[in-house]
Amino acid sequence: MKPWVLGLTGGIGSGKTAVANQFANLGVHVVDADEAARWVVEPGRPALRQIAEHFGDAVLLPEGGLDRAALRERVFANTAERQWLESLLHPMIRAEVAQHLAAATSPYAIMVSPLLIETGQYRQVERVLVVDVPDTLQVVRTAARDQATEEQVRAIIQVQARREERLRHADDVLVNDRDLAWLKSEVERLHRFYLTLRGGQE
Ligand code: ATP
């Protein structure tokens, strides 16, 4: 039977990866939308050829891979170019994610996406789990992980969906404000619950 899909989201540094890894340890198939976004522009994939045709070979590395920094520079301050790129990549990323989810053999599969709410991807999943942390903890953990300043992290938080907006779309919330042992026990609790659901519904 086709697995139902749980969308996993949360703000930057909320613990999505840590939570996803725990589910994966329990045998749940996990697909990360950010990873899919990297796979679709690998050498040999049609997206890379179209990007090079559009922006020129200057966005390619000497070995033929995508020069992300060069591409970022071209779309950073140019809305039209950014929209062109997004309209090329988004359907490809969606297809890539769907293909991986369809291949899952676990009773349910997880799609991790930092922008699940912002991009409307939440409409394509049966259920939404939000990893939630107080802003202060989010800033401290992310700054430590990325060796970034707290101001830089706060700037990213500003452009993401507001915490309240994310929580409004949540079916389940994992409050990740304790240690990793607590996170693990919360994931185990949710997993036991998810195994009782048919099609993601109670
Ligand atoms: P991003 O959106 O930036 O990819 P994320 O939501 O995937 O972030 P993680 O990378 O999983 O977040 O977590 C952020 C940092 O906080 C990591 O260094 C992680 O190890 C740490 N962390 C996550 N949960 C906990 C916890 N319960 N206790 C201590 N540290 C934690």
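Coordinates for the structure precede this section.
Residues numbered from 1 in each chain as written. Predicted model: local features only at pLDDT ≥ 70, side-chain atom pairs only at ≥ 80, totals over all residues. Heavy atoms only, no water.

(A) Summary view of the site of the ligand. Within the structure, the ligand sits among 15 residues, and Lys16, Thr17, Arg145, Asn176 and Arg178 are positioned closest to it. Take Ala18: an N or O atom from its main chain is 2.9 Å from an oxygen atom of the ligand. In the model, a nitrogen atom of the ligand is placed 2.7 Å from a nitrogen or oxygen of the Asn176 side chain. Contact with the protein chains removes 75% of the 630 Å² of surface that the ligand exposes when unbound. Every element with two or more residues in the shell around the ligand is listed here: helix 1 (16-25), helix 6 (135-146) and helix 9 (180-195). With 3 residues, the top contributor of residues to the shell around the ligand is helix 1. Per-class residue counts for the shell around the ligand are 4 nonpolar, 6 polar and 5 charged. (Near = heavy atom within 4 Å. Polar contact = N/O pair within 3.5 Å; in protein donor to acceptor, adjacent residues only side chain to side chain. Areas by Shrake-Rupley, 256 points an atom, 1.4 Å probe, with all protein chains shown as cover. Helix = DSSP H or I, 4+ residues; strand = E, 2+ residues; numbered from the N terminus. Nonpolar A, V, L, I, M, F, W, Y, C, P; charged D, E, K, R; others polar.)

(B) Representation of the environment of Val153. Tracing the chain through its elements places Val153 in helix 7 (residues 150-159). The exposure class of Val153 is buried, given its relative accessible area of 2%. Ignoring anything within four residues of it in the chain, the contact list for Val153 reads Gln138, Val139, Thr142, Ala143 and Ala148. (Buried < 20%, exposed > 50% of the residue type's maximum accessible area, 1.4 Å probe, protein only. Contact = heavy atoms within 4.5 Å.)

(C) Layout of the pairing of strand 5 (residues 172-175). Side chains Asp172 and Leu174 of strand 5 all project onto a buried face; the interleaved residues Val173 and Val175 project onto a face where none is buried. Relative to strand 5, strand 4 (residues 127-132) runs parallel, the two sharing 4 bridges. Its bridge partner being in strand 5, Leu129 is matched across the sheet by Asp172. (Pairing = 2+ DSSP bridges.)

(D) Local environment of the packing of helix 4 (residues 68-76) against helix 5 (residues 79-102). Where helix 4 meets helix 5, the axes come as close as 7 Å, and the angle between the chain directions of the two elements is 125°. Our classification of the angle between helix 4 and helix 5 gives oblique. Contacts from Leu71, Arg74, Val75 and Phe76 in helix 4 reach Glu81, Arg82 and Leu85 in helix 5. Tallied by class, the residues present in the contact of helix 4 with helix 5 amount to 4 nonpolar, no polar and 3 charged. (Axes fitted to C-alpha atoms, helices over the stretch in contact; angles between N-to-C directions. Parallel < 35°, antiparallel > 145°, perpendicular 65-115°, else oblique.)

(E) Here's a closer look at the environment of Asp172. Summarising the element assignment, Asp172 is placed in strand 5. The class of Asp172 is buried, set by a relative accessible area of 9%. C-alpha of Asp172 to C-alpha of Ala109: the two residues are 63 residues apart in sequence and 15 Å apart in space. Setting aside residues up to four positions removed in sequence, Asp172 forms contacts with Arg127, Val128, Leu129, Val130, Leu190, Phe193 and Tyr194. A polar atom in the side chain of Asp172 sits 2.8 Å from the side chain of Tyr194.

(F) Quick look at the packing of helix 1 against helix 9. Between helix 1 and helix 9, whose axes approach to 10 Å, the crossing angle comes to 55°. Of the possible angle classes, the one that applies to helix 1 and helix 9 is oblique. For the crossing formed where helix 1 meets helix 9, the hand is right-handed. Packed against helix 1, whose contacting residues are Ala18, Val19, Gln22 and Phe23, the element helix 9 presents Leu183, Lys184, Val187, Leu190, His191 and Tyr194 at the interface. Across the contact of helix 1 with helix 9, the residue classes break down as 7 nonpolar, 2 polar and 1 charged. (Left-handed = near helix turned anticlockwise from the far one by under 90°.)

Just geometry here; none of it tells us what the structure is for.
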